[in-house]
Amino acid sequence: MVGARRAAAMSAARDAIFGRVRTSLGRTVINTEDRAVLEARLTGRKRGPIPARTALDTHPLIDLFVDMAAAADSTIERVADGGAVPAALSDFLARYNLGSDIRMAPDPWLDTIPWAGRPTLTITRGASDGSDDVGVTAAFAAIAETGTLMLLSGPDSPTTLNFLPDNHIVVLRASQVMAAYEDGWDALRDSGAMPRTVNFITGPSRTGDIEQKILLGAHGPRRLHIILIEDAR
Amino acid sequence: MESTSRNFNANVRAALANDALQSALGKIESGFVANRANAAPRLPEFDALRDQARDIKDHILDNLDFYLEAFEARVLESGGQVHWASSAADARAAILDICRSVDARTVTKGKSMIAEEIGLNDFLEENGIEPVETDLGEYIIQLRKEPPSHIIAPAIHLVKEQIEEAFRGAHEGMFDSGRSLEEPRALLEEARAVLRQRFLDADVGITGANFLIAATGSTVIVTNEGNGDLTQTLPKIHIVIASLEKVVPTLEDTSTLLRVLARSATGQEFTSYTTFSNGPRRNGDPDGPEQFHVVLLDNGRSEMLGGPVRDVLRCIRCGACMNHCPVYGAVGGHSYGWVYPGPIGAVLTPTLLGLDEGRHLPNASTFCGRCESVCPVRIPLLSLMRHHREQAFEDKLSPAAERTGLGVWAFFARHPALYRFATGLAMRALAWAGRKQGRFSTLPFAGGWTAHRDLPAPQGDTFQRQWSARGGRRR
Ligand code: SF4
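About the cut-offs
- Every chain is numbered on its own, with residues counted from 1 as its sequence reads.
- To label them, take the chains in the order written and letter them from A, then take the ligands in the order written and number them from 1.
- Given that the model is predicted, a residue must reach a pLDDT of at least 70 before its local features are reported, and side-chain atom pairs must reach 80 or more before they are shown or counted; all residues, however, enter totals for whole chains, interfaces and linings.
- Based on all heavy atoms of the structure, the side-chain values leave hydrogens and waters out of the count.
- Helix and strand assignments come from DSSP, with helices taken as H or I runs of at least 4 residues and strands as E runs of at least 2, each series counted from the N terminus.
- Every radius of gyration here is taken over C-alpha atoms, with the globule rule written as 2.2 Å times N^0.38, N being the number of residues.
- The rule is simple: take the accessible area with a 1.4 Å probe, protein chains only, and divide by the maximum for that residue type; under 20% is buried, over 50% is exposed, in between is partly exposed.
- Method for areas: the Shrake-Rupley scheme with a 1.4 Å probe, in which residue coverage is limited to the protein chains shown.
- Only four residue types enter the charge count, namely Lys and Arg as positive and Asp and Glu as negative; His and the chain termini do not.
- Where a charge lies is defined by one atom per residue type, namely NZ (Lys), CZ (Arg), CG (Asp) and CD (Glu).
- Residues are treated as being in contact if the distance between any of their heavy atoms lies within 4.5 Å.
- By convention, the term buried area covers the 1.4 Å-probe accessible surface removed from two parts as they join, with the contributions of both added.
- Whenever a carboxyl oxygen of Asp or Glu lies within 4 Å of a side-chain nitrogen of Lys or Arg, that contact is scored as a salt bridge.
- The definition of a polar contact used here is a pair of N or O atoms within 3.5 Å, where within protein one atom must be able to donate a hydrogen and the other to accept one, and adjacent residues in sequence count solely through side-chain atom pairs.
- We call Asp, Glu, Lys and Arg charged. Ala, Val, Leu, Ile, Met, Phe, Trp, Tyr, Cys and Pro are nonpolar, and the rest, Gly among them, are polar.
- For each domain, the first and last residues come from an automatic or database assignment.
- Note on pairing: two strands pair once DSSP finds at least 2 bridges between them.
- Only the stretch in contact is used when a helix axis is fitted, and all axes are lines through C-alpha atoms; the angle between N-to-C directions ranges over 0 to 180 degrees.
- Residues are classed as near a molecule or strand on a simple rule: at least one heavy atom within 4 Å of it.
- Put simply, the grid is 1 Å and covers the protein atoms alone, a cavity is a trapped set of points that fit a 1.4 Å probe, a pocket is an open set with protein on both sides within 12 Å along at least five of seven lines, and lining residues have an atom within 4 Å of a point.
- More than half of a molecule's atoms lying within 2 Å of a cavity's or pocket's grid points is what places that molecule inside it.

Novice: Could you clarify how one ought to interpret the overall build of chain A in this entry?
Specialist: Helix and strand counts for chain A come out as six helices and twelve strands. Here the C-alpha atoms of chain A give a radius of gyration of 22 Å, more than 25% beyond the 17 Å that 2.2 N^0.38 yields for 233 residues. A burial count over chain A gives 52% of its 233 residues as buried. As displayed, chain A has an accessible area near 9,600 Å², and 52% of this comes from carbon and sulfur atoms. Distance between charge centres in chain A, computed from 25 positive and 28 negative side chains, equals 9 Å.

In structure tokens form, the structure reads like this:
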């Protein structure tokens, strides 16, 4: 931990910085009225312009999510119900010759999928240490505007699964699709506090650092595959 | 980072003669520029969002003290620590202290312009800590021991043959020496393999921040590679380094800024990974850092806030101004001599390092205005550059010939009759002198110009006289 000397220097630096900022702003304190306005703005959830492309009914909105996710190089398989997820996963593994070892988030919702019907899958649960080819997670929400997945860290949802395995498979329900980022924030705040990490994920990892040529699979997943359960009415 | 901005003219000469650089720069128009041009019309709200982004940033600057306090309080609430640094030296010392507290040997780094600004890598090395850049572009230039040449594409000045050369040198003994590295894919796979192990071994991860959110105490990074996430998730300690003006009020404001950032930078609808971090690992979390530190750097910003270039603090570091700058496209980022190239650098460098060091940069502009027209937060880059030019003139920093020349021109501009008479005389004299060859290959006072091309001899009359002879109207 930092020593007492450094702590004192740090608090002197803090005072000096606030002193200079306030000199530049021409004030020494923020008056009560202004402060109340600013506090209200901080908690007010006021939105900027929301792209009109997301003003859609449920099913077209889900289609928009699917289109935008595909445009960002995600692959998507739409299945009728949770019962069809294990077969969809097996198909994906077979398509890329990925063996049958799966590292899966310990999310209780994923337990509702009948994995036992596919005894060929070897599923372990927990965070990734970098040795896994395939990671399977759920998501908190999906944002149609740009085909973005919203994942929250927590005991059931290790962040390493989103980045270390070469293949990231997300099992999503169509009823989780929302229009804009702001809808995701509202849902998050209504459900509790900010988690340690919120990941907005839009397609697999990529780089353009070699002669501006876009290549997929930089440091994170080479593939992002979404299995979408059509549960929306 | 050591500045060479005062050597701008020499830097430019070298850049123009560098064939590899010219070939690399030639790809910007068909890359970044075309991508942005395609992205903008896909979002009809783009211009409204830019207005909103500008207004949000102005509002933040008006209330920077409030939002910094709020941000600090939220970070502390989520179990993180905040370190205030007035200067680059303060920030380096704070980071070193944190690294030493866990006897760190290697530090992985996500891309951070602030880390460049404070010269972090050299400092860590001097103190026995190995910094490992993990953004592919940053990794490449770290191997080549050179600074970034672009704020979002640090290795944009290189062609793949140069990257191959760097990898063959740095990775010697790690791979078969007969391997092919001709394809960009092969280069990427090799870097991925090397860096994967570095991610897993690092003691500390340092990232920058695109935004700091006052309402939630979140720090936000935006990457395409996922390197920033591996940098901040795997080691015991995550350090975020950011400058004061990165603070943003709310998640909604951040969403607006994110909408304009990706499109302006790479022309993407959205960047692959946008990550919001709130403190260290929580009870029950299976992964994540045990400590979370935010180092907040001033380094001149608090004073800029009350000065004539305040608007530049709106910058969200998208890089669009340099992508669209014809001068940047001709001379590349290294010519500018310091951390921030292109139009944004032409405003920032003289402000942060002084006009004495940076006065050439605001002159390195054709004032075509392309930078301003694409800036997502509508920074008046031209008037800010003009401000520096005027200041340099007033401070008598520009060379005597330039000052005398401008003085002479100003005299004639105030005396139009004399101007017409003198230019008429000069044109007739030049026409007479150049009547044999029809051109001049050298001219007194114009050696800089005629060194690279000939001046055609005038046809004997001034523009103004020809203009009035034609009735003063375009036909
Ligand atoms: S000045 Fe504007 S265009 Fe240039 S990097 Fe900053 S935000 Fe982008």
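Novice: Would you mind showing me how to read the overall build of chain B here?
Specialist: Secondary structure summary: chain B contains 24 helices and twelve strands in total. The principal-axis extents of the C-alpha atoms in chain B amount to approximately 90 × 60 × 45 Å. By the burial criterion, 56% of the 475 residues in chain B qualify as buried. Long-range pairs, those at least 24 residues apart, make up 73% of the contacts in chain B with a sequence separation of at least 6. Total accessible area computed for chain B in this model is approximately 19,100 Å², and 52% of it derives from carbon and sulfur atoms. Taken as two groups, the 52 positive and 58 negative side-chain charges of chain B have centres that lie 12 Å from each other.

Novice: Explain the interface of chain A and chain B to me, please; I cannot follow it from the model alone.
Specialist: When the parts of a complex come together, some accessible area is lost, and that lost area is often taken as the interface size. Contacts between the two partners involve 78 residues from chain A and, on the opposite side, 107 residues from chain B. With both chains or domains summed, chain A and chain B bury close to 7,700 Å², and 56% of this area falls on carbon and sulfur atoms. Summed over the shared surface of chain A and chain B, the result is 15 salt bridges. On inspection of chain A and its partner chain B, the count reaches 53 residue pairs in polar contact (both at pLDDT 80 or more). Ranked by residues supplied to the side of chain A that touches chain B, first place goes to helix H1 (residues 4-25) of chain A with twelve residues. Of the residues in the side of chain A that touches chain B, the class split is 36 nonpolar, 18 polar and 24 charged.

Novice: Mind showing me how you'd approach the domain arrangement of chain B here?
Specialist: Once the domains are mapped, chain B shows domain 1 (43-299) and domain 2 (411-469). Distance between the C-alpha centres of domain 1 of chain B and domain 2 of chain B: 55 Å.

Novice: What exactly am I supposed to notice about the sheet that holds strand S12 (residues 223-229) of chain A here?
Specialist: Within a beta sheet, neighbouring strands are joined by backbone hydrogen bonds and run either parallel or antiparallel to one another. All names here are of chain A. In spatial order, the strands read S1-S12-S7-S4-S2-S3; together these six strands make up an open sheet with parallel pairing. Two strands bound the open sheet, and with one partner strand each, they are strand S1 (75-79) and strand S3 (122-125). Recorded for the sheet is a direction-independent mean angle of 25 degrees between the axes of neighbouring strands. Pairing of S1 with S12 involves five bridges; the strand directions are parallel. Pairing of Val79 across the sheet is with Ile229, part of S12.

Novice: Looking at this model, I keep getting lost on the site of the ligand. Mind explaining?
Specialist: Residues and elements named next belong to chain B. In the region of the ligand, 13 residues are neighbours, and Cys315, Cys318, Gly319, Cys321 and Cys375 sit closest. Judged by its atoms lying within 2 Å of the grid points, the ligand is housed in the largest cavity. Of the residues in the shell around the ligand, the class split is eleven nonpolar, one polar and one charged.

Novice: It is not clear to me how the side chain of Asp107 of chain A should be interpreted in this structure. Could you clarify?
Specialist: Residue and element names in this part refer to chain A. Positionally, Asp107 belongs in the loop between strand S2 (101-104) and S3. Of the side chains bearing the opposite charge, Arg125 lies closest to the buried Asp107, which forms no salt bridge; the N-O distance is 6.4 Å. Not counting the four nearest positions on each side in its chain, Asp107 is found in contact with Arg125, Ala138 and Asp156.

Novice: I'm lost on the domain arrangement of chain A in this one. Help?
Specialist: Domain annotation for chain A reports domain 1 (2-44) and domain 2 (52-229). Taken over C-alpha atoms, the centre of domain 1 of chain A sits 41 Å from the centre of domain 2 of chain A.

Novice: What exactly am I supposed to notice about the pairing of strand S7 (residues 237-243) of chain B here?
Specialist: All names here are of chain B. Counting buried positions over the seven residues of S7 gives seven, a clear majority of the element. The two faces of S7 match: Ile237, Ile239, Ile241 and Ser243 on one face and His238, Val240 and Ala242 on the other face are all buried. Of the strand pairs in this sheet, strand S4 (residues 204-207) and S7 are connected by four bridges, and their pairing is parallel. Each bridged residue has a counterpart across the sheet, and for Gly205 the counterpart in S7 is His238. In this structure, S7 lies alongside strand S10 (residues 291-297), joined through seven bridges in parallel fashion. From the neighbouring strand, Ile239 faces S10, where its bridge partner is His293.

Novice: Where do I start with the environment of Arg185 of chain B in this structure?
Specialist: By the element assignment, Arg185 of chain B lies in helix H11 (residues 184-201). A sequence separation of 138 residues divides Arg185 of chain B from Asn323 of chain B, and the C-alpha atoms of the two residues are 24 Å apart. For Arg185 of chain B, the contacting residues outside a window of four places in its chain are Leu215, Leu216, Gly217 and Arg222 of chain A.

Novice: Whenever I open this one, the environment of Val12 of chain B confuses me. Can you help?
Specialist: All names here are of chain B. Inspection of the secondary structure assignment puts Val12 in helix H1 (residues 8-16). Along the primary structure Val12 and Met427 are separated by 415 residues, whereas in three dimensions their C-alpha atoms are 32 Å apart. The residues touching Val12, leaving out its near neighbours within four places in the chain, are Val331 and Ser335.

Novice: What should I look at first to understand the sheet that holds strand S6 (residues 218-223) of chain B in this one?
Specialist: Here we have eight strands laid out as an open sheet, ordered S8(A)-S5(A)-S6(A)-S9(A)-S9(B)-S6(B)-S5(B)-S8(B), and mixed in their pairing. On the outer flanks of this sheet lie strand S8 (177-178) of chain A together with strand S8 (247-248) of chain B, each paired with one strand and no other. Both strand S9 (residues 197-201) of chain A and strand S9 (residues 273-277) of chain B contribute to a ladder of five bridges, which runs antiparallel. Each bridged residue has a counterpart across the sheet, and for Val198 of chain A the counterpart in S9 of chain B is Phe276 of chain B.

Novice: Sorry if this is basic, but what is going on with the pattern of salt bridges here?
Specialist: Oppositely charged side chains can pair when the atoms bearing their charge come close. Tallying each qualifying case throughout the model produces 50 salt bridges over all chains. Residue Arg22 of chain A is joined to Glu69 of chain B by a salt bridge in which the shortest nitrogen-to-oxygen separation is 3.2 Å. Placement of the pair is Arg22 of chain A in helix H1 and Glu69 of chain B in helix H5 (residues 64-77), with the two residues belonging to separate chains. Arg22 of chain A sits in the buried class, given a relative accessible area of 16%. Among the residues examined, Glu69 of chain B registers a relative accessible area of 23% and is labelled partly exposed. Residue Arg179 of chain B pairs with Glu190 of chain B through a salt bridge whose shortest N-O separation is 2.6 Å. One end of the pair, Arg179 of chain B, is in the loop between helix H10 (160-170) and H11; the other, Glu190 of chain B, is in helix H11, with eleven residues separating them in the sequence. Assigned by exposure class, Arg179 of chain B and Glu190 of chain B land together as buried. Residues joined in a network through salt bridges with shared partners are Arg45, Arg47, Asp183, Asp186, Arg189 and Asp190 of chain A together with Glu252 of chain B.

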